[in-house]
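Take a look at the letters that make up each chain.
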Amino acid sequence: MNPSTSAPRHTPERALELGRQTLAIEASAVAALAQRLDDAFARAIDLILHSRGRLIVSGMGKSGHIARKIAATMASTGTPAYFVHPAEASHGDLGMITRDDVLLALSNSGESEELLRIVPLIKRQGARLISMTGAPESTLAREADIHLDAAVPQEACPHNLAPTASTTAALALGDALAVALLDARGFGPEDFARSHPGGSLGRRLLTHVADVMRPAERVPAVAPDTDITAAVVAMSRGGLGLVCIVDNENRPLGIFTDGDLRRAFEKHIDLRQGAIASVMHPAPHTIAGGRLAVEAVEMMERLRINALLVTGDDGRLAGALNMHDLFTAKVI
C-alpha cells in the first residue's frame with residue numbers, strides 16, 4: 001500500500017517532534033504501570049514460582065513478538081519458559097502444554113480469537129492462566145486465574161492505531177515479572193553467566209585466574225641472591241615482563257618488573273652489581289588461582305599494576321598473569 005498523498009511533508013523538525021512525543025508517551029505508559037501494580041502481580045509471581053511445570057507465553061501479532069521476548073528473558077533468568085504460537089496450538093502444539101504449566105497470555109484487546117479458542121482446552125487440562133491485557137473487562141481477562149492490567153491511555157502512533165505504547169507497556173510488565181522471579185529464586189550473576197556461556201558476561205564470570213595464568217614453570221623465578229644482570233636476563237626470556245624472587249621452597253619473596261628496570265635506569269642505579277633482592281619489590285601482591293579473573297582485573301586496576309603473581313593454598317608460586325593475558329582471554 002502506498003502512503004497517503006496527503007501525508008505531511010517530512011522535515012527534520014517534525015521527525016524530532018514525533019520522536020520525542022513517542023518517547024514521552026511510552027515513558028508515561030510504563031510509569032503508570034508502576035502505580036497500578038497490585039496484589040495480582042504478587043499472586044502471579046507466587047503462581048509461577050510454585051508451578052511444577054514451565055511458564056508458557058503466548059500472543060498473536062505484535063503481542064506475540066513481545067511474548068517471545070518475555071519467554072526468552074524468563075528462560076535466561078532462571079524461570080523455565082518457552083513461547084507457543086496460539087494458532088499453532090490449535091493445530092497440535094497444544095500438546096506441549098501440561099497440567100503443571102502456567103500460561104501467560106498477552107492480548108491488548110483481550111479478545112484475540114486464537115487465544116480465546118485455546119483457553120477452554122487449557123483450563124480442561126488443569127493448567128493455570130495468567131492474562132496480560134489492556135482491557136480488564138475483556139473475555140481473556142475474565143477467564144484468567146490472574147489478570148495483569150497493561151492498559152495504556154493512548155498509542156504513540158499519531159493515529160492511535162499501531163501497537164506502540166501498549167507493546168512497550170507489556171514488555172516492561174514482562175520484565176518486571178522476570179526480575180521479581182529471578183530475585184525470588186536467588187538467581188545471581190554466576191547463574192546468569194551459565195545460561196550465557198558464549199557472551200562476554202559468561203567469559204567474565206566463568207573464567208578463573210587459573211584458566212588464564214601462565215603456569216609456574218613458565219614464570220621466570222630466581223633466588224634473592226641472584227645477580228641483577230642474571231635476573232634481568234631471566235625476565236627477558238620469560239616474556240612476562242617480570243621476574244619473581246622466591247625462597248628455597250618456591251614462595252614469592254619479591255618481584256622485579258620491566259617497569260622497575262626502566263626506573264632503575266632513570267635513577268642511574270648500577271645494575272651490574274648487587275643481588276636482585278636489593279632492587280626487588282618485597283611482599284609482592286598475589287592472587288589465588290581459584291579467584292575469578294575479573295577480580296584480578298579489579299585488583300590490578302586498583303593497584304595500578306600490570307601483572308600479578310598467583311599462589312597456591314600452600315603459598316608457593318603457582319603462576320602469574322598480566323593484562324595481556326586477560327585481554328587475550330577476552331575478560332576485559
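Just above sits the structure.
Residues numbered from 1 in each chain as written. Predicted model: local features only at pLDDT ≥ 70, side-chain atom pairs only at ≥ 80, totals over all residues. Heavy atoms only, no water.

The next point concerns the sheet that holds strand E11 (residues 286-288). Read from one edge to the other, the open sheet built from four strands follows the order E6-E13-E12-E11, with strand pairing classed as mixed. Only two strands of the sheet have a single partner each, and these edge strands are strand E6 (214-215) and E11. (Pairing = 2+ DSSP bridges. Helix = DSSP H or I, 4+ residues; strand = E, 2+ residues; numbered from the N terminus.)

Attention now goes to the pairing of strand E13 (residues 317-322). Burial analysis of E13 places five of its six residues in the buried class, which makes it a mostly covered element. As paired strands, E6 and E13 are joined by two bridges and run antiparallel to one another. Residue pairing for E13: proline 215 is matched across the bridge by glycine 319. One ladder, built from five bridges, connects strand E12 (residues 307-311) with E13; its direction is antiparallel. Counted as the bridge partner of threonine 311 is leucine 317 from E13. Connecting E12 to the next strand, E13, in antiparallel fashion are five residues, including glycine 315 with a positive phi near 85 degrees. (Buried < 20%, exposed > 50% of the residue type's maximum accessible area, 1.4 Å probe, protein only.)

Below, the discussion takes up the layout of surface pockets. Space inside the largest pocket adds up to approximately 420 Å³. Taken together, 20 residues make up the lining of the largest pocket; nearest its centre are Thr257, Arg263, Ile305, Asn306 and Ala307. At the level of secondary structure, the elements contributing two or more residues to the lining of the largest pocket comprise strand E9 (252-257), helix H12 (258-266) and E12. It is H12 that contributes the most residues to the lining of the largest pocket, five residues altogether. Grouping the amino acids of the lining of the largest pocket by side-chain chemistry returns eight nonpolar, seven polar and five charged. Estimates place the volume of the second largest pocket at around 150 Å³. In terms of lining, the second largest pocket is formed by 16 residues, of which the most central are Ser63, Ser107, Asn108, Ser166 and Thr167. Taken together, the elements giving at least two residues each to the lining of the second largest pocket come down to helix H3 (61-76), strand E3 (102-107), strand E4 (128-133) and helix H7 (165-184). Grouping the amino acids of the lining of the second largest pocket by side-chain chemistry returns seven nonpolar, seven polar and two charged. (1 Å grid on protein atoms, 1.4 Å probe; cavity = no way out; pocket = protein on both sides within 12 Å on 5 of 7 lines; lining within 4 Å. Points joined across faces, edges and corners; volume = space filled by probe spheres on them. Nonpolar A, V, L, I, M, F, W, Y, C, P; charged D, E, K, R; others polar.)

To characterise two packed helices, one gives the angle between the axes of the helices and the distance between these axes. Across the interface, helix H2 (residues 39-49) lies against H7 with an axial gap of 10 Å and an inter-helix angle of 55 degrees. In this view, H2 runs oblique relative to H7, as classed from their interaxial angle. Taken as a pair, H2 and H7 cross one another with a handedness that is right-handed. On H7, the residues touching Phe41, Ala44, Ile45, Ile48 and Leu49 of H2 are Leu173, Ala176, Leu177, Ala180, Leu181 and Ala184. Classifying every residue of the contact of H2 with H7 gives eleven nonpolar, no polar and no charged. (Axes fitted to C-alpha atoms, helices over the stretch in contact; angles between N-to-C directions. Parallel < 35°, antiparallel > 145°, perpendicular 65-115°, else oblique. Left-handed = near helix turned anticlockwise from the far one by under 90°. Contact = heavy atoms within 4.5 Å.)

Let us now look at helix H11 (residues 228-238). Looking only at H11, the buried set comprises Ile228, Ala231 and Met235. Projected down its long axis, H11 carries its buried residues within an arc of 60 degrees, all on one side. H11 presents Ser236 and Arg237 as exposed residues on the side facing more than 90 degrees away from its buried surface. On the buried face of H11, the contacting elements are strand E7 (221-222), strand E8 (242-246), E9 and H12. Glycine 239, located one to two residues past H11, shows a positive phi value of around 70 degrees. (Arc of directions from axis to C-beta.)

The nonpolar side chains of a soluble globular protein tend to be buried, and buried together. Within the largest apolar cluster, 35 residues are counted, with the highest numbers of intra-cluster contacts made by Leu104, Leu106, Ile130, Met132, Leu148 and Leu177. Among the elements that make up this core, the one with the highest residue count is H7 (seven residues). For leucine 177, the contacting residues outside a window of four places in its chain are Phe41, Ala44, Ile45, Met74, Leu104, Met132 and Leu148. (Core = buried A, V, L, I, M, F, W, Y, C linked by side-chain atoms within 4.5 Å.)

Let us look at the sheet that holds strand E1 (residues 55-59). The five strands are arranged E2-E1-E3-E4-E5 in an open sheet whose pairing can be described as parallel. Bordering the open sheet on either side are strand E2 (81-83) and strand E5 (146-149), each of which pairs with just one other strand. Within this sheet the neighbouring strands show an average axis-to-axis angle of 20 degrees, counted without direction. Looking at chain direction, E1 and E2 are connected through three bridges and run parallel. Note on E2: the bridge partner recorded for isoleucine 56 is tyrosine 82. Sheet contacts for H2: E1, E3, E4 and E5; angle to E5, the most-contacted strand, approximately 130 degrees. Its contacts with the sheet put H7 on E3, E4 and E5, and the angle it makes with E4 is roughly 140 degrees.

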